[in-house]
Amino acid sequence: MQCHAQLSATFYDNTCPNALNTIRTSIRQAVSRERRMAASLIRLHFHDCFVQGCDASILLNETTSIESEKTALPNLGSVRGYGVIDDAKAELEKICPEVVSCADILAVAARDASAAVGGPSWTVKLGRRDSTSASKTVAETDLPNPFDSLDRLISGFANKGLSTRDMVALSGAHTIGQAQCFLFRDRIYGNGTDIDAGFGSTRRRQCPQEGENGNLAPLDLVTPNQLDNNYFKNLIDKKGLLQSDQVLFSGGSTDSIVSEYSNSPRAFSSDFAAAMIKMGDISPLTGQNGIIRKVCGSVN
């Protein structure tokens, strides 16, 4: 199980009192330039925490001694937002050099991104330090993939100390953002009984059976730029874009949670916030473990 070190919401109150405002300004600007960036920043934090814990290992570039997680299959060509984190870090380095970790910036950015697109806000616990290593191998084994079965999703999250309910709530982040054609092609051409026919034909227009792999489709057709509970309503209507979305409502143990969230925006909102806090607690480096990187992409 995960060890939950002592993180604290007041960690920077004395050393960098303007840290949180500085990050928020950066994130708001980025999301106002491109709404989709909110989804990308939440995903960046998630893809960081599932590999070695929330230690900003995902931000490290390839070197002779570091095999970058950026090149792992779940990240390559799809994870975005590195520049937004770099910009926030640069602003922080101006006001309090070598104080705020990149891992904490990722955690705060995810919260600010949620709030910027109408989702919940929460109090972020702080005090994570940055890793000096990355793990492409773990990124390729531990990150969930769009073809995962329900059992595999449940066990993958359980391995990180997250409950089935946490998993369903966190999947609700797919109420924003987009996915590439090759990740949902099998679903829309597979003649499955778990996909709405009209939805399937709409999606086939932009995603041919061959080629155009990178064509994007919104994960939530209804309100693609709003963090709300529409994602769960879509699942009940058999309009989940990815197989790993639709398995959450397909006659299995999570159907009741999906139904609850589809009926209660408030339940989803509070569970999403709680699950994000729990995810941010996965194996952080604290105290003398880890470093504070000056630039997020490299070890000092």
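Once a new chain begins, its residue numbering starts again from 1 and follows that chain's sequence as written. pLDDT decides what is reported in this predicted model: residues at 70 or higher carry local features, side-chain atom pairs at 80 or more are listed and counted, and totals for whole chains, interfaces and linings draw on all residues regardless. In computing side-chain values, all of the structure's heavy atoms are included and hydrogens and water are not.

**Quick word on the packing of aromatic side chains**
What characterises a pair of aromatic rings is the spacing of the ring centres plus the angle enclosed by the ring planes. This is how the line gets drawn: Two rings belonging to Phe, Tyr or Trp (six-membered ring only in the last case) form a pair when the distance between their centres is within 6.5 Å. Interplanar angles under 30 degrees mark stacking, angles over 60 mark edge-to-face geometry, and anything in between is tilted. Numbering goes from the N terminus for both helices and strands, where a helix is a DSSP run of H or I of at least four residues and a strand is a run of E of at least two. Residue burial is assigned from relative accessible area. The probe radius is 1.4 Å, only protein chains are included, and a residue is buried under 20% of its type maximum, exposed over 50%, and partly exposed in between. Counting as a charge over the ring demands two things of the Lys NZ or Arg CZ atom: a distance within 6 Å of the ring centre and an angle within 35 degrees of the ring normal.
Taken as a whole, this structure holds 10 aromatic pairs when the rule is applied. Ring centres 5.1 Å apart and planes at 65° place the aromatic pair Phe232 and Tyr261 in the edge-to-face group. One end of the pair, Phe232, is in helix α10 (residues 230–236); the other, Tyr261, is in helix α12 (residues 255–263), and 29 residues separate them in sequence. Taking relative accessible area as the criterion, Phe232 reaches 0% and is therefore assigned buried. For Tyr261, a relative accessible area of 0% gives the class buried. Each residue in the set Trp122, Tyr231, Phe232, Tyr261, Phe268 and Phe272 is aromatic and connected to the rest through ring pairs, giving one cluster. In this structure, Lys70 is placed above the aromatic ring of Tyr82, and the distance from its NZ or CZ to the ring centre is 4.2 Å.

**A closer look at the UniProt feature "binding site: Ca(2+) 1" (unreviewed entry) in the protein**
Rules: UniProt positions are given in the numbering used here, feature names are shortened, and annotations may be inferred rather than shown by experiment. Contact between two residues is taken to exist if any of their heavy atoms lie within 4.5 Å; hydrogens are not considered.
The UniProt record annotates "binding site: Ca(2+) 1" (unreviewed entry) at Asp48, Val51, Gly53, Asp55, Ser57 and Glu69. A maximum C-alpha distance of 13.0 Å places the annotated residues, which cover 22 residues in sequence, within one compact spot. Looking at where Val51 falls in the secondary structure, it is placed in the loop between α2 (37–49) and α3 (82–95). The exposure class of Val51 is buried, given its relative accessible area of 0%. Residues contacting Val51, with those up to four places away along its chain left out, are Ser57, Glu69, Ser135, Val138, Ala139 and Leu143. Within the fold, Asp55 resides in the loop between α2 and α3. Leaving out residues up to four positions away in the same chain, Asp55 has contacts with Asp48, Ala103, Arg129, Asp130, Ser131, Leu285 and Arg293.

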